[in-house]
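Breakdown of the fold
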Amino acid sequence: MGELTLCCLGVSHKTAPVSVREKFSFKGEELENALLRLNALPDVDECFILSTCNRVEIYFTTRSQTPFKGVIEFLVAHKGASVEEITKFFYRKSDQDAVRHGFYVASSLDSMIVGEPQIVGQFKDAFYTAKELGTVGTVLCRFCETALKVSKRVRTETGISRNAVSISFAAVELAKKIFGDLNGKKVAIIGAGEMAELAVKHLISNGASEVFVVNRTLEKAQKLAEEFGGKAFPLTELETVLKLADIVISSTGAPGYVLTPKNVLPALKARPDRPMFLIDIAVPRDIDPALNDHEGLYLYDIDDLQHVVEANIKERLREAEVAKEIIEGYVQRFIKWLRELEVAPLIAELKEKAEAIRKEVLEKRLPKLGLTPEQEAEVDNITRIIINKLLHQPITNVKKKAVEESTSQVVQIFREIFGLSKE
């Protein structure tokens, strides 16, 4: 038997387009069937599958000299793929590389948006599904539990998920800076742009209380307003809405400015001591940049928001370097545990052999000494101590060598030195 190896065969947004990724995805019953079939392969000891919109990864343990062969053949048969297709798009990682990759994935360091929170839940679901089906055991349970622990530390001890890295989130972040607290703030959305709609959803989740939807076509405004539990207005009533709104998000397809000093300033004057936050997500722009010069108005266009996003992405990448340092310590500890797990049966065998020799000698020799029961018990303790002290250094060394060198070679040498039976 070869060394126990933890492997990962995967495809992600970094290596393949969505047309390839979706071909290899696993969901629901198909995922469960695939796990059971994978686990039944002669070269696979344990396995679980992480399948999301951005990646499909099969983690498994094996002792095979050709660890990926059986899993690739399974994918070819199960997904109707070719070996060439898998060779082109899939990555193969084993041992430390696989462990490190798994910890990076769970901590969102390998995500399309570094620091995004969804992946840890997806990783946890993948683990629990496999655990329920019984396709993970001692090694992958320890691996997944450690990955989730690492992810938690990364999120609590670094700022990897602290700053907004989408246009819609950036708008919310800026709104918080202007108003401090968004509770009770009223939001107006002009037009029906997708990013503006998403920004409104985020604003509501952060406390905004009321939504007004303004659109040239009232029917479209009513449909969108229903989604937010808000009110719909035609474009002709824009100035009325501006008097009510604290945050205005504009995303129309108009050829010229929709919001100008002519309609914004009277609305601002009608609501003294209440600032207005204008977010222009339209291209070409909806809001006249001249409004930037007026007190009480805070205007940001899509370029301003993009600058915020880029700055936040850079900050997240800096925090990712800190996260990698945290992860590396866990990688080394996991590999050490795995190697020591491999030599555990060998150590147990050595201890059993030493104990058998000790008992055999005592059974032959003690009766000849005429000792009292108390004296016999003391001799028994002394011989145990001698055995423990003699074995301590060899056991420590074999654990150390198993981590540093080839485990199978270490096991073979150890067996030869101590005259232990071959596997």
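A brief look at the structure comes next. Because the structure is a prediction, the values reported are computed rather than measured.

1. Thoughts on the nonpolar core
Core analysis: the largest hydrophobic core is formed by 67 residues, its most contacted members being F48, F103, F123 and F143. Excluding residues that lie within four positions of it along the chain, F143 makes contacts with L6, F48, Y59, A98, V99, G102, F103, F123 and F334. Among the nonpolar cores identified, the runner-up in size contains 29 residues, and V172, I247, I249 and V309 belong to it.

2. Regarding the packing of helix α6 (residues 118-133) against helix α7 (residues 138-157)
One can describe the packing of α6 onto α7 by two numbers: an axis separation of 11 Å at closest approach and a directional angle of 165°. Compared by their axis directions, α6 and α7 come out roughly antiparallel. Judged by the twist between their axes, the crossing of α6 over α7 is left-handed. Packed against α6, whose contacting residues are I119, V120, F123, K124, F127 and K131, the element α7 presents L140, C141, F143, C144, E145, A147, L148, S151 and R155 at the interface. Grouping the amino acids of the contact of α6 with α7 by side-chain chemistry returns 10 nonpolar, 1 polar and 4 charged.

3. A look at the state of the cysteines
Each disulfide is one covalent bond, formed between the sulfur atoms of two cysteines. Summed over all chains, the structure comprises 0 disulfides. Lacking any disulfide linkage, C47 is separated from the closest cysteine sulfur, that of C144, by 11 Å. Accessibility expressed as a relative area gives 0% for C47, which makes it buried. Between C141, a free cysteine, and C144, which holds the nearest cysteine sulfur, the sulfur-to-sulfur gap is 7.0 Å. With relative accessibility at 14%, the residue C141 sits in the buried group.

4. Observations concerning the packing of aromatic side chains
According to the stated counting rule, one finds 13 aromatic pairs in the structure shown. Seen in terms of ring centroids, Y59 and F143 are 5.5 Å apart; in terms of plane orientation they differ by 40°. Their pairing is tilted. Here Y59, found in strand β3 (residues 55-62), pairs with F143, found in helix α7; they are 84 residues apart in sequence, far enough to count as distant. Exposure remark for Y59: the relative accessible area of 0% places this residue in the buried category. Aromatic rings pair up to connect F48, Y59, F103, F123, F143, F334 and W337 into one cluster. The cationic tip of K79 hangs over the ring face of F26; the distance from NZ or CZ to the ring centre is 4.3 Å. Over the aromatic face of Y330 sits the side chain of R333, whose NZ or CZ is 4.5 Å from the ring centroid.

5. Looking at the pattern of salt bridges
In this structure the tally under the stated criterion is 23 salt bridges. Here K231 makes a salt bridge to E210, at a shortest N to O gap of 3.4 Å. Separated by 21 residues along the polypeptide, K231 in strand β7 (residues 231-234) and E210 in strand β6 (residues 210-215) bring together distant segments of the chain. As a salt-bridge pair, D301 and R285 come within 3.8 Å of each other at their nearest N and O atoms. Of this pair, D301 sits in strand β10 (residues 297-301) while R285 sits in the loop between β9 (276-280) and β10, and the two are 16 residues apart along the sequence. By relative accessible area, R285 is classed as partly exposed at 37%. Through salt bridges that share partners, K14, R55, E57 and D110 make up one connected network.

Rules behind the numbers
Residues numbered from 1 in each chain as written. Predicted model: local features only at pLDDT ≥ 70, side-chain atom pairs only at ≥ 80, totals over all residues. Heavy atoms only, no water. Core = buried A, V, L, I, M, F, W, Y, C linked by side-chain atoms within 4.5 Å. Buried < 20%, exposed > 50% of the residue type's maximum accessible area, 1.4 Å probe, protein only. Contact = heavy atoms within 4.5 Å. Axes fitted to C-alpha atoms, helices over the stretch in contact; angles between N-to-C directions. Helix = DSSP H or I, 4+ residues; strand = E, 2+ residues; numbered from the N terminus. Parallel < 35°, antiparallel > 145°, perpendicular 65-115°, else oblique. Left-handed = near helix turned anticlockwise from the far one by under 90°. Nonpolar A, V, L, I, M, F, W, Y, C, P; charged D, E, K, R; others polar. Disulfide = S-S within 2.5 Å. Phe/Tyr/Trp six-rings, centres within 6.5 Å; stacked < 30°, edge-to-face > 60°. Lys NZ or Arg CZ within 6 Å of the ring centre and 35° of its normal. Salt bridge = Lys/Arg side-chain N within 4 Å of Asp/Glu carboxyl O.

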